[in-house]
Every structure is written in structure tokens, then in C-alpha cells.
Amino acid sequence: MRVIEIPASFDYRNIETLYDQIDVAKAEPLLFDLRRLRWIDPNGMLVLLAAGRVAAEAGSRPRIYLPGNREVVGYLDRMGFHEAALEVFEIGPRSIWQRRSRRSDVLLEITGIARNADVHGVVERVQSRAGAILSNTLRYPSSAVVQFSVILSEVCQNIVEHAKGPGWVAAQAYNWRRRLGRQVAVIAVADIGRGFRASLEERHAERFDGRWGDMPALEAAFLHGITRFPDTGRGQGIQQIRKQVRRWQGLISIRSGSARIADTPSWSSKGKVEEGLRPFPGSQINIILPERIQ
Amino acid sequence: MSSPRPSSLHVDVGAVFRDRFAPLLPNLVTRPTGRAVREAIESHCSGRAPAPFVSLIDLTRVRVLDFSCADEVVARLLVRYLRSDRPREAFFLFRAICEIHRQAVEAALARHALAAVCDFGDGRFHLAGMASAEERAAWGILERRREIEPGGLAGDFGGRGEALLAGLAKRRLALRRGGGTTLALSAVARRDASGDDETTD
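Residues numbered from 1 in each chain as written. Chains lettered and ligands numbered in written order. Predicted model: local features only at pLDDT ≥ 70, side-chain atom pairs only at ≥ 80, totals over all residues. Heavy atoms only, no water.

Draft legend 1. The arrangement of the sheet that holds strand β5 (residues 63-65) of chain A in detail. Residues and elements named next belong to chain A. Read across the sheet, 4 strands follow the order β1-β3-β5-β6 without closing on themselves; strand pairing throughout is parallel. Every other strand in the sheet has two partners, leaving β1 (2-5) and β6 (90-91) as the edge strands with one partner each. By the bridge criterion, 3 bridges tie strand β3 (residues 30-33) to β5 in an arrangement that is parallel. If you follow Phe32 over to β5, its bridge partner there is Ile64. (Pairing = 2+ DSSP bridges. Helix = DSSP H or I, 4+ residues; strand = E, 2+ residues; numbered from the N terminus.)

So, in C-alpha cells, the structure goes:
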């Protein structure tokens, strides 16, 4: 059984450390070892689930060792990782979940997305709890909960309409005191569907004259609003999300296949494009919304 | 000779949504939901007589309106009734809850190069979407005067006045009666709002 080591701190900045350990072409028993884990963001959680699902689909149900730290386990539990992980992993010995508390400070627990009804569920759940976090923590105007809901709706619909595979969404607010001196909300969306290249290939690959690949596909969708559908009016979801994220001085990135593209604000050191990454199925979207400076 | 005066139809999208889909918050999200709501609006319109009428699409009881739904409920509805094979002589006004809906509506209109008459919560109708400066000016005058007789824009636009009004009517942003009088869509809706219009709720 090959061991996949998860670092002590695992979030969108070092997420490639996990992708780099996954070989999607190889069917082998895997153990995801989280015992050293002290900090993880929604991107880390969803990519763990995605990697586990990929391994399971390749042939054998992967195993997971939970973090040794009880606080981290409690946090993962509040985020809904427990329930989602049970569908993907075999839980290793001595790995104990805590009971989930009734009252939750979580912006949006890990939620599976497969149908449009799931998108409605996400929007309704967020309506009831995001308002206080967006207003009090991020200092956004009270109407921001609607725009936040629209962002979630559009990114989740991307899974249903384009990925043709299962996915998850999760969001949480954090205090990035040392990193940014501000509070942030992190939204992560991940699927293991067919990805942007395959989604757009049939209609658009030909005119790229042999240059078609993950990055051209991401640029077509992300920068130009190109979609696999022939009718006008499609493809505006990502464009409008980008505009809203920019208004809030946030970051949005999409990784698909072996490439990543991003809109990066001045506070981020991340590049706008990355190519030659380890291939991975589907798409993974990361959105970070910082606290508003008055 | 003048044609019969146009009537109006008030479609409360919140009520349509609640009746068909959910008893709780009417969040208009996902394309299939938007498509179903558009089809429900079309069904309401199909029940009307063939004479021209103005339909006020009321989104004020809708909380979240995402871009996919705005595309279906606003843009594709307009596209359907701009076509020569439209099922009824319906003209549309949109009443949204506030500026938040404006983003979704404007984006959907822009994507199709459309314009629409919308109230974004301030009680006044605006011309949203894509229109030239002259179209906006002509529409603004019509909105203030409520109706313009033939030649009534000559003082503002000279010989181009009639063509501008005809253009607005062709884009279904104004309603032209048989005698050449041009009516503001909002005027038709307001006139009927006091009593004899039909509502969906």
C-alpha cells in the first residue's frame, strides 16, 4: 500500500504536493496519511476527497488515517468531512471522529453536487447563515449574501452542466492575521468529471490548429466565456463571477487537467497561469474573498 | 383609425415559482429552474387574446437571481417574443428587487445584445441593456410623455424621430398603435394597475 503524506499545513498554496503524489493511470492501494495535519482549508479537504474518489474508481478503496490532533478532527467534523469521507475512504484504525456539534460556525459544510437540486440546497443553506459572516466578519454590505449565493450557484452549476461527474463544494471564513492582516472567506469547488479540455473539445478544438490542450481550454472559458453549448447566453457564469470577485478584491483560480488559470489581486503572490502540472481529472475552483477595508 | 387600447398582464414570478417548485424562499437559480419559469410565463401569455398587451414580469418576491436564470427568464423570453413567429403580441416590462438583480439582468441582456424596460426597485422604469444614445434619449422622452403622436419627436430629433420610435417598437421597447401613436410600455401597465389588469397570484 502506497502512503500519500499530507503535510502539517495543507491549503491552496501547497495543494500540488497532493496532486504530485497521485498517478491517475495507476491502480494501486493508497493510504492517505493525515496524522501530522494541523491546518487544512476547504481546497485541501475537497482535493483529498477527489483524490480518494479517483483512487477508488481506479480499483481499490483507499484508506485514510485521520489527524492525531483532536481539535483538527473536530474542525474536519464540523466541516462535514466525516460524512463525505465515509463515502470515499476506509477509515484507518484508531482514527476517531468526534460528535458533530449542533451549532456550527461553518459557512458551508462540504456538500456533494450532482444535480440541480443540490445547487438549490446550497443556495438555501447559505442564505440562512452567510449573512452574519459576510457582514460582521468580512464587512460586506448586507446585500452581499445574494451575490455570494449567485457565485456559489454558478460554480456549482459548472459541475452539473459541464463536468458530467460528481463534485463537492465547501466554504469557510478564516482569520488570515499573519498572512494578510484580514479575515477571508474561502470557497472551494472540486469535481472529478471530464474537465474543461474535454468539455470544450468537440466544438472548439479544431480551430486551435493543433494547439488544443488544458491551458487553451481554460483560457477559452475563463477569459473569453466560451462554452460547449452553441446557443447565445451560455458561458457568462464564470465571467460574471470573475467580475464580482474582482469587485471584492478577491482571488479566483481554476485548475483543470494539467493547468491552472487565475485572476490574482495585488495581495496574492500566485501566478496567473501555470502549466505542466500533474494531470488530474475534473476541475478545481478556488475563490478567496478578503475582508473589506473601509 | 386607432386600434383597441392595449391591456396588461401582471406575472408575479415569485408566485409562479412558489406554486410550481418550492413553498419556501424563491431563489431563482439553475438553468432548468429558469427555463421552467420562462415556460410558465409563456403559458400565462398564451392564455391571452391575440391583441397586443404589456406583461409586467415581477421579480420583487425573488431573492436570489443567478445569471443562468436571468438569461432564461429575461433574455430568452425577450428573444422568443422578438421573433416573427412569436405566439402572442406580448411586450415585457421587468420589475426587480434592487441593484443586485440589475447585475444579472444587465449581463443577460448584454450577452444577447438586447434592451429591456426595467424597474430596479426605485419605482421608475429605465432602459437597461444595449441601446444607442439616441435610442435612450428617444425612449426617455416617450417614458416622460407616456405617448407620442406621429411627428411628436420632430422637435427633438427632426426627421429621425419617426425612425427612432419605429426602431423602439421593433425592439419591443415601445408599443405602436394603428394610428401611429407610440405608447410607453410603463404607461400601459400603470394605467391598468388601478383595476382591470390580470394577475397571476
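There's plenty left to go through after this.
Draft legend 2. Main features of the confidence of the model for chain B. All names here are of chain B. For chain B, per-residue confidence averages 87 on the pLDDT scale, and residues scoring 70 or more make up 88% of the total. Strand β9 (residues 198-199) is the least confidently modelled element of chain B, averaging 50 in pLDDT, while helix α5 (residues 133-145) averages 97, the highest of any element. Across the assembled chains, the prediction reports ipTM 0.86 with pTM 0.88. (pLDDT = per-residue confidence, 0-100.)

Draft legend 3. Here's a closer look at empty space enclosed by the protein. Inspection of the entire model under this criterion finds 4 cavities of 30 Å³ or more. A volume near 390 Å³ is recorded for the largest cavity. Every residue lining the largest cavity is counted, 32 residues in all, and those nearest its centre are Asn158(A), His162(A), Gly235(A), Gly237(A) and Ile238(A). At the level of elements, α6 (144-163), α7 (195-204), α9 (236-247), β10 (251-257) and β13 (280-290) of chain A together with α3 (67-82) of chain B are the ones that each hand at least two residues to the lining of the largest cavity. Per-element tally for the lining of the largest cavity: the top contributor is α6(A), with 7 residues. Residues that form the lining of the largest cavity fall into these classes: 13 nonpolar, 13 polar and 6 charged. Approximately 190 Å³ is the volume found for the second largest cavity. Considering the residues around the second largest cavity, the lining is formed by 21 residues, among which Tyr12(A), Asn43(A), Ser253(A), Arg260(A) and Asn286(A) are closest to the centre. When contributions to the lining of the second largest cavity are tallied by element, the ones reaching two or more residues are α2 (42-58), β9 (182-191), β10, β11 (259-263) and β13 of chain A. (1 Å grid on protein atoms, 1.4 Å probe; cavity = no way out; pocket = protein on both sides within 12 Å on 5 of 7 lines; lining within 4 Å. Points joined across faces, edges and corners; volume = space filled by probe spheres on them. Nonpolar A, V, L, I, M, F, W, Y, C, P; charged D, E, K, R; others polar.)

Draft legend 4. Main features of the domain arrangement of chain A. All names here are of chain A. In terms of domains, chain A is made up of domain 1 (1-98) and domain 2 (106-294). Taking only C-alpha atoms into account, the centre of domain 1 sits 22 Å from that of domain 2. On the domain 2 side, the residues contacting the 31 residues of domain 1 number 31 residues. Between domain 1 and domain 2, roughly 2,500 Å² of surface is buried when both sides are summed, and carbon and sulfur atoms account for 68% of that area. (Domains from an automatic or database assignment. Contact = heavy atoms within 4.5 Å. Buried area = accessible area lost by both parts, 1.4 Å probe.)

Draft legend 5. Structural view of the interface of chain A and chain B. At the junction of the two partners, chain A supplies 26 residues and chain B supplies 23 residues. Between chain A and chain B, a total of about 2,200 Å² is buried, with carbon and sulfur atoms accounting for 54% of that surface. Taken as a group, His120(A), Val146(A) and Gln236(A) account for 24% of the area that chain A buries against chain B, more than any other trio of residues on that side. For the side of chain A that touches chain B, the secondary structure elements donating two or more residues are α5 (116-137), α6 and α9 of chain A. Looking at which element gives the most residues to the side of chain A that touches chain B, the answer is α6(A), with 9 residues. Grouping the amino acids of the side of chain A that touches chain B by side-chain chemistry returns 5 nonpolar, 15 polar and 6 charged.

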